[in-house]
Amino acid sequence: MTDHQDVALDWMSGEDDEPHVPVDLRPDVPHPARMYDYYLGGKDNFPADREAAEQVVSLGPLVRISARANRSFLRRSVQYLAEQGITQFLDIGTGIPTAGNTHEVAQQVLPEARVAYVDNDPIVLVHGRALLTGSSTGIVNVVQGDLRDPKSVLSDPAVRAVIDFDRPVALLLYAVLHFIDEVDDPSGIVRTLLDALPSGSYLALSHGTADFLTPEEADRGPAVYRGATAQLTMRSKEQVARFFDGLELAEPGLVTAPLWRPDEDPQDTDRQVAIWAGVGRKP
Ligand SMILES: C[S@@+](CC[C@H](N)C(=O)[O-])C[C@H]1O[C@@H](n2cnc3c(N)ncnc32)[C@H](O)[C@@H]1O
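Residues numbered from 1 in each chain as written. Predicted model: local features only at pLDDT ≥ 70, side-chain atom pairs only at ≥ 80, totals over all residues. Heavy atoms only, no water.

Peer 1: Whenever I open this one, the environment of Glu54 confuses me. Can you help?
Peer 2: Take Glu54: it is sitting in helix α3 (residues 47–57). Judged by its relative accessible area of 33%, Glu54 falls in the partly exposed class. Separated by 19 residues in the primary sequence, Glu54 and Met35 place their C-alpha atoms 8.9 Å from one another. Look past the residues within four positions of Glu54 in its chain and what remains in contact with it is Tyr38 and Arg64. (Helix = DSSP H or I, 4+ residues; strand = E, 2+ residues; numbered from the N terminus. Buried < 20%, exposed > 50% of the residue type's maximum accessible area, 1.4 Å probe, protein only. Contact = heavy atoms within 4.5 Å.)

Structural data, given as structure tokens:
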């Protein structure tokens, strides 16, 4: 992707009658979504994203291994949720589309599965909507929204067009809560979202941790993200476990991502992956 092409991109909409609003993609500032795309081997990133991402890659834990382990957890957990009969998914902090997106995984199990994707980064919206062109708008919607404002996410008409909040929903918060600072009350955000969901709903989340790093190593990743559009806050297992308060944790509980219902022998170590992952059910 060249700077020229990207800055020239207009807002792409799933609805033909929506106005085309130019998007400032801020190619000179690292965006976590584009850095993550780079870790996964994608092409939707700019030099500033690649430079910041390379700094993180050079630090350890092995962030590429970590990103792939996270995507693999997404696939296994969405499949698990669909197998539990969940047909509605609210996926906040979607990321730039890559292989095995939530709707593709869920619809393999349940073709009627509906997904509302929400992200606050315009580039995710551009790519998300491009991906969905010609596919089933209204069953899968891509919405610009901010996790720090959960009430607006819940009341967004494009979210409500896809999700019926009277029926169980899987709330997906993969690798996004670590971009929410304590001052923004991440526990309160999760509670607000879960309060809007009926019994039988689920929360699936993954979260970066420094539990396996030395204190010095632990600050290096957040230091790089200080120049990006969102800051990184690693959390301990105990802190991540609190997001599941009041929920019934599905087996095997809160574990590092490769250990959550693996479909092959996990090869990567906790230190390489450094991501807590779990799925909980609202009783
Ligand atoms: C590391 S990516 C994770 C992508 C995907 N969920 C996954 O696990 O593969 C984090 C995503 O969260 C988004 N994000 C960060 N802060 C956000 C916020 N406050 N509201 C909504 N999305 C946010 C970023 O734009 C990025 O797309």
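From this point, the narrative continues.
Peer 1: Explanation requested: the nonpolar core in the structure shown.
Peer 2: General note: in soluble globular proteins, nonpolar side chains tend to be found buried as a group. Ranked by internal contacts, the top residues of the largest apolar core, which has 38 residues, are Val78, Leu81, Phe89, Leu172 and Val279. Secondary structure elements with two or more residues in this core: α4 (63–83), α5 (102–109), β2 (114–119), α6 (122–132), β3 (140–144), β4 (170–174), β5 (202–208) and β8 (275–281). Per-element tally for this core: the top contributor is α4, with 7 residues. Judged by nonpolar contacts, the second largest core, of 31 residues, contains Leu90, Val118, Val240 and Leu254. (Core = buried A, V, L, I, M, F, W, Y, C linked by side-chain atoms within 4.5 Å.)

Peer 1: Looking at this model, I keep getting lost on α3. Mind explaining?
Peer 2: One turn of the α-helix equals 3.6 residues, which is why residues spaced by three or four share an orientation. Looking only at α3, the buried set comprises Ala48, Asp49, Ala52, Ala53 and Val56. Here the buried residues of α3 occupy an arc of 125° about the axis, which is enough to place them on one side. Against α2 (32–39), α4 and α10 (215–225) lie the buried residues of α3. (Arc of directions from axis to C-beta.)

Peer 1: For this particular structure, what's the right way to read the pattern of salt bridges?
Peer 2: Opposite charge on two side chains lets them pair, provided their charged atoms get close. A full pass over the atoms with the stated rule returns 7 salt bridges. Note that Asp146 and Arg148 form a salt bridge whose closest N and O atoms lie 2.7 Å from each other. The exposure class assigned to Arg148 is partly exposed, which follows from its relative accessible area of 44%. Residues Arg167 and Asp164 are paired through a salt bridge, measuring 3.6 Å at the closest nitrogen-oxygen approach. In this structure Asp164 comes out as partly exposed when scored by relative accessible area, which is 31%. (Salt bridge = Lys/Arg side-chain N within 4 Å of Asp/Glu carboxyl O.)

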